[in-house]
Amino acid sequence: MTASKTDIPSAAAAGNRHRRFRVESMAMELIFVALVIVLIFAAPGFASINNALNVLRTISMLGIVAFGMTAVVISGEIDLSVGSGAALGGCITAAITAATMATIGAVPAVVVGVCVALAAGMASGYFSGKIKQLLNVPTFITTLALLTALRGVANMITGGYPIIDLPDWFQFFGAGWFLGLPVPVFFFLGVFVILHLVMTSSTFGREIYAVGGNAEAARLSGINVARAKTGALVITGLLAALSGILLSSQIGSGNGTIAIGMELDVIAAVIIGGASLYGGKGTIWGTFVGVLLLGCISNGMTLLNVSEYEQYVAKGVIILGAVMLRQYLDRRGT
């Protein structure tokens, strides 16, 4: 059977739509590649191996939290407390290590400190989820309160001064090298792979998308909406604490002032990566690209001697532009 004349144009049109879909769905990847090319020629030293490794180390702590935040945003919620949660995680680890190292040994002290810090991060996420479930308080409000409360607890633990009584080898995890790469990069890639698989290949991941897309329809289909949202918040709290531990390892102390403003960069990376603040849309891969894009922009502007204040303006423009681009692509059916 041969195709009719009317079939040929429609087939061609379908092919064009498919190609357009492929190009538009990779918009951020194409923008990232274009940005890297521009910076290679415009920013002195940007293309060096040392600078590339520096960018990877810098974005690793941010990316670890951003992957968790992606699940939260897809579920239709938000977590503004991740920066303070990171600071608290680092301070708990340092405080417990310093207090117990002389009695139980350095390795057990660090292990106990890390476990308590991770548990505290998970508890923070669980608290936000339960408040949402029991009192229907938006997580925006709950985590906004935790943003200041957790930071306050971190500074109470340290007394306002960095805790520096840590074993020298502890810095390996945040400032060390392994197989020619900064150690935090391995944590960054590990979290990326795990959460990518969780969000694409697990029942929990499918529940997160369903809850974010239409919570009532998800509930009627038998999904425990509160459990899914709380689970996403717990994961993000855990990853915020992990990021804080790595940051404290990098600077060699527990400090309540680290990760100030991290929540804004994390949310920016998630939005740039294509997640919708309305819920139901987003990918871990998209956030991966968003983190790389933000890291290259910050690094490039630093190499070009752009002032810190101008960098804030540029980030704001980038976030707004990413949202506008995503809305445009969504209207075209991407």
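Conventions adopted
Residues numbered from 1 in each chain as written. Predicted model: local features only at pLDDT ≥ 70, side-chain atom pairs only at ≥ 80, totals over all residues. Heavy atoms only, no water. 1 Å grid on protein atoms, 1.4 Å probe; cavity = no way out; pocket = protein on both sides within 12 Å on 5 of 7 lines; lining within 4 Å. Points joined across faces, edges and corners; volume = space filled by probe spheres on them. Helix = DSSP H or I, 4+ residues; strand = E, 2+ residues; numbered from the N terminus. Nonpolar A, V, L, I, M, F, W, Y, C, P; charged D, E, K, R; others polar. pLDDT = per-residue confidence, 0-100. Contact = heavy atoms within 4.5 Å. Axes fitted to C-alpha atoms, helices over the stretch in contact; angles between N-to-C directions. Parallel < 35°, antiparallel > 145°, perpendicular 65-115°, else oblique. Left-handed = near helix turned anticlockwise from the far one by under 90°. Phe/Tyr/Trp six-rings, centres within 6.5 Å; stacked < 30°, edge-to-face > 60°. Buried < 20%, exposed > 50% of the residue type's maximum accessible area, 1.4 Å probe, protein only. Lys NZ or Arg CZ within 6 Å of the ring centre and 35° of its normal.

## Quick word on empty space enclosed by the protein
Applying the stated criterion across every chain yields a total of one cavity of 30 Å³ or more. The calculated volume of the largest cavity comes to roughly 80 Å³. Lining the largest cavity we find 13 residues, and of these Gly 85, Gly 121, Ser 124, Leu 150 and Gly 237 sit closest to its centre. Elements represented by at least two residues in the lining of the largest cavity include exactly helix 4 (82–104), helix 5 (106–135) and helix 11 (225–251). When the residues that make up the lining of the largest cavity are grouped by side-chain class, the tally is six nonpolar, six polar and one charged.

## Section: the confidence of the model for the protein
Mean pLDDT over the protein: 89, with 91% of residues reaching 70 or higher. With pLDDT under 50 throughout, residues 1–8 is counted as low confidence; its partners more than four residues away or in other chains account for zero contacts. For the stretch residues 11–15, pLDDT sits under 50, and the model shows zero contacts to residues farther than four places along the chain or on other chains.

## Comments concerning the packing of helix 4 against helix 11
Packing of helix 4 against helix 11 brings their axes to within 7 Å, and their N-to-C directions diverge by 55 degrees. Considering their axes alone, helix 4 and helix 11 lie oblique with respect to each other. Helix 4 and helix 11 meet at a crossing whose hand is right-handed. Across the interface between the two elements, Val 82, Gly 85, Ala 86, Gly 89, Gly 90, Cys 91 and Thr 93 from helix 4 touch Thr 236, Ala 240, Ala 241, Gly 244, Ile 245 and Ser 248 from helix 11. Class assignment of the residues belonging to the contact of helix 4 with helix 11 gives a composition of six nonpolar, seven polar and no charged.

## Quick look at the packing of aromatic side chains
Here the structure, examined in full by the defined rule, presents ten aromatic pairs. Where Phe 178 meets Phe 186, the ring centres are 5.6 Å apart and the plane angle is 70 degrees; that geometry is what we call edge-to-face. We classify Phe 178 as partly exposed; its relative accessible area is 44%. With centroids separated by 4.7 Å and ring planes inclined at 40 degrees, the aromatic side chains of Phe 192 and Phe 288 adopt a geometry described as tilted. Of the two residues, Phe 192 is situated in helix 8 (residues 183–201) and Phe 288 in helix 13 (residues 284–303); the sequence distance between them amounts to 96 residues. Of the two residues, Phe 192 and Phe 288, both sit in the buried class. Aromatic ring contacts, followed pair by pair, group Phe 67, Phe 188, Phe 192, Trp 285 and Phe 288 into a single cluster. Across from the ring centre of Trp 177, 5.0 Å away, lies the NZ or CZ of Arg 57, which sits over that ring.

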